[in-house]
Amino acid sequence: MSISPRRVVIVGFDGCQALDLVGPMEVFAGAREAQARRGARDPGYAPVIACTGRTKSIRGTSGLTLRADATLAELARSRAAIDTLIIGGGEGAREAAGDTEILAEVTRAAGKARRVASVCTGAYVLAAAGLLDGKRATTHWAYCEALAKAFPRVRVEDDPIYVRDGAVWTSAGVTAGIDLALAMVEDDLGRELAMLIARWLVVFVRRAGGQSQFSAQLSAQAAERPTLRDLQAWIVEHPDAALDVPSLARRAAMSVRHFGRTFRAEVGLAPAAFVERVRVETARRLLETSARSIEEVAAAAGFGTPEALRRAFARRVGVSPREYRNRFGEGVTA
């Protein structure tokens, strides 16, 4: 008996962020191709792009125009099942959240779907349709506060790359849609295939959903002075080095007082706070991808002792290093 491909409907609006649609599309299309090459009985997916207008075209904010396979209204009325409904984000999605006709179409399509998801500010559409009520959700970090204020029944989390609450998935901005789609492939067809697609797409590491939207570099602004920018990069590359303020000041060829004041003014963080963020990020990566002991992780990340690592994790992550590994480690144990 043949298995039907899972229909994945990716919805875009004029004024969308094109990568919100194209990123997941490439993941599901890649899975379909991989299954075909392997002669797998399960064909994977049949992804389609849907629009809410009548012209079957979607113009992104970048100027890129995409040709839709169907309108959302057609798919919502069709008897054909929908496996996964994904709402893309962008300015158009936030406008669509106020369109009652579009919300009715989304609600009807969601009622036929096994799971529902959003990328970036597509969460506004799901929230406006009542599909996120009482659920954990995320969106692009710049809109988390506004989403929580507009929809108080949604439990907005501003840090994760994506959040899964039952059959409802939401992701952060832009490239996080790729992480979301890869997680769905892993859930449906296994980790091996998801990792294969990640390699094809040259995604450096398939990120776990609970990972932060921010790297240490992204969560702090780049310094204006080349000397301090180079120092920031050096800190990231050498988390286990002596990174106390006097040592960093010497490397920057500044007095301790001038260095501390200048670093804070240009980076937006005190040197010690930036160093701790870098070290926590290094420890997170090692806990996720290596089998090193907690003691070895603490040393490699520059904390020196497991207790110092645990204190930093309590401040920055909210869980212990061991709990973090249990949740996000890729099959490794301490």
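See the structure above.
Cut-off values and rules
Residues numbered from 1 in each chain as written. Predicted model: local features only at pLDDT ≥ 70, side-chain atom pairs only at ≥ 80, totals over all residues. Heavy atoms only, no water. Helix = DSSP H or I, 4+ residues; strand = E, 2+ residues; numbered from the N terminus. Rg over C-alpha atoms; globule rule 2.2 N^0.38 Å. Contact = heavy atoms within 4.5 Å. Areas by Shrake-Rupley, 256 points an atom, 1.4 Å probe, with all protein chains shown as cover. Lys, Arg positive; Asp, Glu negative; His and termini not counted. Charge placed at Lys NZ, Arg CZ, Asp CG, Glu CD. Pairing = 2+ DSSP bridges. Buried < 20%, exposed > 50% of the residue type's maximum accessible area, 1.4 Å probe, protein only. Arc of directions from axis to C-beta. Polar contact = N/O pair within 3.5 Å; in protein donor to acceptor, adjacent residues only side chain to side chain. Expected span 1.5 Å × (residues − 1). Disulfide = S-S within 2.5 Å. Phe/Tyr/Trp six-rings, centres within 6.5 Å; stacked < 30°, edge-to-face > 60°. Lys NZ or Arg CZ within 6 Å of the ring centre and 35° of its normal.

**A few points about the overall build of the protein chain**
Thinking step 1. Helix and strand counts for the protein chain stand at 15 helices and 11 strands.
Thinking step 2. Its C-alpha atoms give the protein chain a radius of gyration of 22 Å, near enough to 20 Å, the size a compact globule of 334 residues would have.
Thinking step 3. When its C-alpha atoms are laid out on the principal axes, the protein chain stretches across 70 × 40 × 35 Å.
Thinking step 4. Within the protein chain, counting contacts between residues at least 6 apart in sequence, those at least 24 apart form 64% of the total.
Thinking step 5. With an accessible surface of roughly 15,700 Å², the protein chain has 50% of that area assigned to carbon and sulfur atoms.
Thinking step 6. In the protein chain, the 46 positive side-chain charges and the 38 negative ones have mean positions that sit 1 Å from each other.

**Side note on the side chain of Arg115**
Thinking step 1. Within the secondary structure, Arg115 sits in strand S7 (residues 113-119).
Thinking step 2. Residue contacts for Arg115: discarding those within four places in its chain leaves Tyr45, Asp83, Thr84, Leu85, Ala167, Trp169, Met184, Asp187 and Asp188.

**With respect to the pairing of strand S10 (residues 162-165)**
Thinking step 1. Across four bridges, S10 lies against strand S11 (residues 168-171) in antiparallel orientation. Following the sheet pairing, Val163 is matched in S11 by Thr170.

**Observations concerning helix H14 (residues 306-316)**
Thinking step 1. Within H14 the residues assigned to the buried category are Pro306, Ala308, Leu309, Ala312 and Phe313. Along H14, the residues classed as buried sweep out an arc of 160 degrees about the axis, all on the same side. Counted as exposed and oriented over 90 degrees from the buried face of H14: Ala314 and Arg315.
Thinking step 2. Just past H14, the residue Gly318 takes up positive phi, approximately 90 degrees.

**Focus: the side chain of Thr71**
Thinking step 1. Mapped onto the secondary structure, Thr71 falls in strand S5 (residues 70-71).
Thinking step 2. Reaching out from Thr71, the side chain makes a polar contact with the backbone nitrogen of Glu74 at a distance of 3.1 Å.
Thinking step 3. Among all residues touching Thr71, those that are not within four sequence positions of it are Ala50, Cys51, Gly53 and Lys56.

**Notes on helix H7 (residues 176-189)**
Thinking step 1. Compared with the 20 Å implied by 1.5 Å per residue over 14 residues, the 20 Å span of H7 between its first and last C-alpha is a close match.
Thinking step 2. Burial analysis of H7 places 11 of its 14 residues in the buried class, the great majority of the element.
Thinking step 3. Among the residues trailing H7, Gly190 stands out with phi positive, at a value near 105 degrees.

**Structural notes on the state of the cysteines**
Thinking step 1. Taken as a whole and assessed by the stated rule, the structure comprises zero disulfides.
Thinking step 2. Cys144 provides the cysteine sulfur closest to Cys120, a residue in no disulfide bond, and the two sulfurs are 9.5 Å apart.

**Quick look at the packing of aromatic side chains**
Thinking step 1. One pass over the structure, following the stated rule, counts six aromatic pairs.
Thinking step 2. A ring pair is formed by Phe259 and Phe263, whose centres lie 5.5 Å apart and whose planes are at 50 degrees; its orientation type is tilted. Of the two residues, Phe259 and Phe263 both sit in helix H11 (residues 256-267), four residues apart, roughly one turn of that helix.
Thinking step 3. A relative accessible area of 0% places Phe263 in the buried class.
Thinking step 4. Considering the side-chain rings of Phe263 and Phe274, the 5.8 Å spacing of their centres and the 65 degrees angle between planes classify their relative orientation as edge-to-face. Taken together, the residues Phe263 in helix H11 and Phe274 in helix H12 (residues 271-289) connect sequence positions 11 residues apart. Exposure class is identical for Phe263 and Phe274. Each is buried.
Thinking step 5. Over the face of the ring belonging to Trp169 we find Arg115, whose NZ or CZ atom lies 5.9 Å from the ring centre.
Thinking step 6. Directly above the ring of Trp234 sits Arg251, whose terminal nitrogen or CZ lies 3.7 Å from the centroid.

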